[in-house]
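Take a look at the letters that make up each chain.
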Amino acid sequence: MPTSGARLPRDLAGVLAERLRLSFPRERPSHRRIGREAEYPVVVPSGEAADIGPLLERLAALPGHSAKRDAGMIIGVAGPVDYLLEVGKGTIELVSPAVDDLWVLREVHEAAMVRLVRAADAEGLGVLGCGIQPVTSAEAELMSPKPRYQLLLEAMGRPWLGFAVTASDQLHVDIARDEITPLTNLGNLLTPVVIALCANSGVYGGHAGDQCGRESLLSDVYPEHNRFGMLNAPIDDEVAWVARIAEMDCLIIPVEGDTYRFEGSFADRAAQLPNDEVWAAFQHHERYVWNAARPRGAIGTLELRAACQQPWQSHDAAAALNLGLVCAGEKIAHFLTESLPDPWPHFLDWRRQVARDGLVAKSAYSDIFHGVASLAVEGLQSRGRGEETLLAPILERLRVGRSPAAEGLAAFNSGGLPAYLDHYTVSLSC
């Protein structure tokens, strides 16, 4: 459904922008904390998507864990790391708490994966370190039966179903008030760099696909507003960010403990609310805007979303890359403007290329990608915790010109689906 075209009054956009700014600290953090949301496809032995309900029940029975339920079904498990049912009932998400560095994040995540893989083994299932379901396609039957997901399907149609088969690796990073706009812009601009280095979705529907990244399945998510993925241009400030989001369809709204469809834009919704309720409504609405980098006022972080889930042997490579990009943000922004006075058109074009071809397509912009990666190393070095060593897989991919998808496709082409599943299945020995 197209938006109504209504615009948020500028004074209200200014109020919401100020609320957004106040959600972040005034001073830049002396040491940025991080959190991770990591999605994994779960499959039966044939490679088709599993139903993870029994898997969640098994995890909920572990000491220190408890089930989360909604509408009579299990939707997640609370524990040291939360396990959540994703849009697709064959995708599980691990949500790590905020921690001090990548080493602690690795320790926490790997402990959670040990619990998950043991439970999956007991159910006869496999957990895959890749960015898409390799066999089961995006159909309504795969969608988790959460009531709000059905409403989103009704609102968006088939584009919503792309979220039922894809698996991303998202990082949250502490940022300050004055960094909201520049780092949101930079995080979006660097989308092709992250895709090229982390694309890991080469087999879909049981066949070698024509895309290395998962972006093609989500390209129809309100393309007129660039609601998913890379922005088509930088934003001027937080008021512009709020105004942009307010023009988009509101999709669903919470009312008295339930969720309903809404016919119109967020600007239309805001016009119906008392002023003291608009901020909470805006925070709910922005959850359903899926840009590659977005400021999250609810938790005061920048969320980075462009990476596919990674092969287990380098499972935190995307987190290391994204953190390095944020920590070197000012240097990278200067480097890019020195290299390309107007970088956005070039990077928009490169995003399409790398989503299709991965790092094979990098020759036209090799120097820029190498420069950005080198600065990401410096960014992690500046933290003084030795985290830059975790960028080794990223630097090796850049050296040989192969994204993870290329390795997966090589396994598929040599041994078919069994070899592909073996390549990506997470095992406790990894």
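So, here is what we can say about the structure in this document. Everything numeric in this text was worked out from a predicted model, so none of it was measured. (Residues numbered from 1 in each chain as written. Predicted model: local features only at pLDDT ≥ 70, side-chain atom pairs only at ≥ 80, totals over all residues. Heavy atoms only, no water.)

1. Comments concerning the packing of helix H1 (residues 10–22) against helix H9 (residues 275–286)
Two elements in contact, H1 and H9, have axes separated by 11 Å at closest approach and are oriented at 65 degrees. One way to sum up the angle between H1 and H9 is to call them roughly perpendicular. For the crossing formed where H1 meets H9, the hand is right-handed. Side by side, H1 and H9 meet where Leu 12, Leu 16, Arg 19 and Leu 20 of the first sit next to Val 278, Trp 279 and Phe 282 of the second. (Axes fitted to C-alpha atoms, helices over the stretch in contact; angles between N-to-C directions. Helix = DSSP H or I, 4+ residues; strand = E, 2+ residues; numbered from the N terminus. Parallel < 35°, antiparallel > 145°, perpendicular 65-115°, else oblique. Left-handed = near helix turned anticlockwise from the far one by under 90°. Contact = heavy atoms within 4.5 Å.)

2. Some remarks on the packing of aromatic side chains
Tallied over the full model, the rule gives 14 aromatic pairs. Ring geometry for Trp 350 versus Phe 369: centroids 6.3 Å apart, planes at 80 degrees, classification edge-to-face. Separated by 19 residues along the polypeptide, Trp 350 in helix H12 (residues 343–357) and Phe 369 in helix H13 (residues 366–381) bring together distant segments of the chain. Assigned by exposure class, Trp 350 and Phe 369 land together as buried. Between Tyr 365 and Phe 369, the aromatic rings sit 4.4 Å apart at their centres with planes inclined by 50 degrees, giving tilted as the arrangement. The pair Tyr 365 / Phe 369 is uniform in exposure class, with both members buried. Through pairs of rings, three or more aromatic residues link up here, namely Tyr 149, Trp 160, Phe 163, Phe 228, Tyr 288 and Trp 290. (Phe/Tyr/Trp six-rings, centres within 6.5 Å; stacked < 30°, edge-to-face > 60°. Buried < 20%, exposed > 50% of the residue type's maximum accessible area, 1.4 Å probe, protein only.)

3. Quick notes on the pairing of strand E12 (residues 258–261)
Bridge count for strand E11 (residues 252–255) against E12 is 4 bridges, and the pairing is antiparallel. Along E12, the bridge assignment pairs Ile 253 with Tyr 260. The loop that links E11 with its antiparallel partner E12 comprises 2 residues; one of these, Glu 256, has a positive phi angle of about 50 degrees. (Pairing = 2+ DSSP bridges.)

4. With respect to the environment of Leu 417
Residue placement: Leu 417 occurs in helix H15 (residues 404–424). Taking C-alpha positions, Leu 417 is 33 Å from His 370, a pair spaced 47 residues apart along the chain. For Leu 417, the residues in contact, after removing those within four places along its chain, are Ser 46, Val 135 and Phe 412.

5. Remarks on the pairing of strand E1 (residues 34–43)
Each regular strand shows side chains that alternate between the opposite faces of the sheet. Buried residues dominate E1, accounting for 10 of its 10 residues. Every second residue of E1 is oriented toward a common face, with Ile 34, Arg 36, Ala 38, Tyr 40 and Val 42 on one face and Gly 35, Glu 37, Glu 39, Pro 41 and Val 43 on the other, all of them buried. In terms of strand pairing, E1 meets strand E7 (residues 169–174) through 5 bridges, oriented antiparallel. Bridged to Glu 37 within E7 is Gln 170. Here 5 bridges tie E1 to strand E5 (residues 91–95), and the two strands are oriented antiparallel to one another. When the sheet's bridge partners are listed, Ala 38 is paired in E5 with Leu 94. For E1 and strand E6 (residues 126–127), the ladder comprises 2 bridges, and the chain directions are antiparallel. Across the sheet, residue Val 42 finds its bridge partner in E6, namely Val 127.

6. Focus: the pattern of salt bridges
Applying the stated criterion to the full structure yields 27 salt bridges. Between Arg 28 and Asp 178 there is a salt bridge whose closest N-O contact spans 3.1 Å. Highlighted residues: Arg 28 in the loop between H1 and E1 and Asp 178 in the loop between E7 and helix H5 (180–189), separated in sequence by 150 residues. Take Arg 28: its relative accessible area is 40%, and that puts it in the partly exposed class. Its relative accessible area of 44% is what places Asp 178 among the partly exposed residues. (Salt bridge = Lys/Arg side-chain N within 4 Å of Asp/Glu carboxyl O.)

Coordinates in, geometry out; function isn't part of it.
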